[in-house]
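Breakdown of the fold
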Amino acid sequence: MSDVRAIAFYLPQYHPIPENDAWWGKGFTEWTNVTKARPLFRGHYQPHVPADLGFYDLRVVESREAQAELARQYGVTGFCYYHYWFSGKRLLYRPFDEMLTSARPDFPFCLCWANENWTRVWDGGDSEILMKQTYSEEDDLAHIRWLARAFADPRYIRVENKPLFIIYRAHKLPDIRKTTAIWREECRRLGIGEVFLCRVDTGADVLPPKELGLDAAVEFQPDWSELGAPLGSRRLRHFRWNDFRFFLHRKFLADNTNVQNYSHLVASMSRRPLPDYIRFPCVTPSWDNSPRRRRAATVFIESSPKLFHQWLVAALANLAKSKNTPRILFVNAWNEWGEGNHLEPDQLHGRSYLEALRQALGSANACVARVG
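Being a predicted model, the structure only gives us computed values, none of them experimental.

A word on the packing of helix α8 (residues 262-270) against helix α9 (residues 305-321)
Each pair of packed helices gets described by two things: the angle between the helix axes and the distance between those axes. Contact geometry of α8 with α9 gives a least axis separation of 9 Å together with a crossing angle of 10°. Our classification of the angle between α8 and α9 gives roughly parallel. Here Tyr 262, Ser 263, Leu 265, Val 266, Met 269 and Ser 270 of α8 come into contact with α9, specifically with Leu 307, Phe 308, Gln 310, Trp 311 and Ala 314. When the residues that make up the contact of α8 with α9 are grouped by side-chain class, the tally is 8 nonpolar, 3 polar and no charged.

Structure representation (C-alpha cells):
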C-alpha cells in the first residue's frame, strides 16, 4: 500500500489580466477583495492577511517556486489548478502556462475545469454573465487536444497511471457521456492513452460517475447539503456587539449572512458513509467568502487547526477503509484567500494548519507502513 497523496486546489487569480481590468477595475486581482474585507460582527476574523509568502504576484516564478517548496515541506504532493476554458478562450492562464513551459516549479499538478459562467457574483451564479460557457462536440475535441499537452508532462498527476482530470460541474454539460467518449477516444489517438476523469460531487449529481462516462468523484468542502441551520444573533451572543458600526453589521448579518459552525461541519463529515462508487475525500481548513460576496456570504466560525486535524484524521481513516479508492485526499484549498480557505500561512495562525496536515498524513502513512 502506498502513502496518501494530498492534492490541494490552487487558484491562479493573483495577477492582473485585461478582462478583470475591464470588469472590476485596473489592476484587480484576488488580493483586491482580500484586503478590502472587514469583520461583519465582533469576533469575525477578517481580513485574512498572508504571512510567509506575502501578497505575491503569480507572474513571478520565485513566488510559484516558494509555494511549491512550502507545500512539499508539509506533505502536499501536488496542486490542482483551476482551469478556465470558454470554447477555446482561456482566462487566468499565465501562471499555469509558464509553469508548464519552464518546468518550474518541479512539482506535481493536475487540472480542474471550472466550467461555470464567469459572473459578477463569482461563485457560479448566473447574474450578470461576463463570460458564458457554451458546449459543442467541436469544442470537446479542441479542448482535449489542448489538454493533451498538459497530460503529457511528466509532472502531471496520474491515477492508475492515467492523467487525472476533474470537471467542476459535470452536470452542466449537455451530454457528458458523449463528451467523455470524445475525450477518451482522442487521448488514445494522440498517444496519451487512458485518462482518469472525475466530477466534483454536488447536490445536482444523482447518477454514479461510471454511468456518466466518468471514473470517480471528488468531494467539495464545505458540502452545502450538510450545513446546519444558520446561527442567529442569539446563538452568536458570545460575540460582542458594542458600537454603532457593529450594530450595522449585526443587521447585515441578520438579513444576509449565513453563519455556520465549523465544528458542526467536521462532525457531520467525519460520520459520512462511503458511497458505492469511488469518491476522493476532501477537507477544508475554513470557509468565509465574505470578501467576495457583498451579500449572502457564508461564514464558518470557530475553525481551528485542532479541529482541522480532527477532520483530517477521520477522513484518512475513512479512506483507509475503502477497498477500491486510490489513496488520495483533496484539500480545498491551497490559496483561496477570498473564500477564507487557505493552507498558506496567515498572520493569525502562521503554519498551524500546515502542521496539522503534516501530522495527520504522517500518522496515516505510518499506520499503512505497519500494516504493510
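What about helix α6 (residues 176-189)?
Along its 14 residues, α6 runs 20 Å from first to last C-alpha, staying within 8% of the 20 Å computed at 1.5 Å per residue. Where α6 is buried, its residues contact β4 (109-113), α5 (137-151), β8 (162-167) and β9 (196-200). One or two positions beyond α6, positive phi appears at Gly 191, with a value near 90°.

With respect to the pairing of strand β11 (residues 258-261)
Remember that side chains alternate between the two faces of the sheet whenever the strand is regular. Taking every second residue as pointing to the same face, both faces of β11 are buried, with Asn 258 and Gln 260 on one and Val 259 and Asn 261 on the other. Looking at chain direction, β11 and strand β14 (residues 298-301) are connected through 4 bridges and run parallel. Bridge pairing in β14 links Asn 261 to Ile 301.

Examining the nonpolar core
Counting 103 residues, the largest nonpolar core has Leu 164, Phe 165, Phe 280, Phe 308, Phe 330 and Trp 334 as its most contacted members. Considering every element that reaches this core, the biggest residue donor is strand β2 (residues 76-86), with 8 residues. For Phe 308, the residues in contact, after removing those within four places along its chain, are Tyr 262, Val 283, Thr 284, Pro 285, Val 331, Leu 343, Tyr 353, Ala 356 and Leu 357. In this structure, Leu 40, Phe 41, Leu 231 and Ile 301 belong to the second largest nonpolar core, which totals 6 residues.

Conventions and cut-offs
Residues numbered from 1 in each chain as written. Predicted model: local features only at pLDDT ≥ 70, side-chain atom pairs only at ≥ 80, totals over all residues. Heavy atoms only, no water. Axes fitted to C-alpha atoms, helices over the stretch in contact; angles between N-to-C directions. Helix = DSSP H or I, 4+ residues; strand = E, 2+ residues; numbered from the N terminus. Parallel < 35°, antiparallel > 145°, perpendicular 65-115°, else oblique. Contact = heavy atoms within 4.5 Å. Nonpolar A, V, L, I, M, F, W, Y, C, P; charged D, E, K, R; others polar. Expected span 1.5 Å × (residues − 1). Buried < 20%, exposed > 50% of the residue type's maximum accessible area, 1.4 Å probe, protein only. Pairing = 2+ DSSP bridges. Core = buried A, V, L, I, M, F, W, Y, C linked by side-chain atoms within 4.5 Å.

Read these as spatial facts, not as claims about activity.
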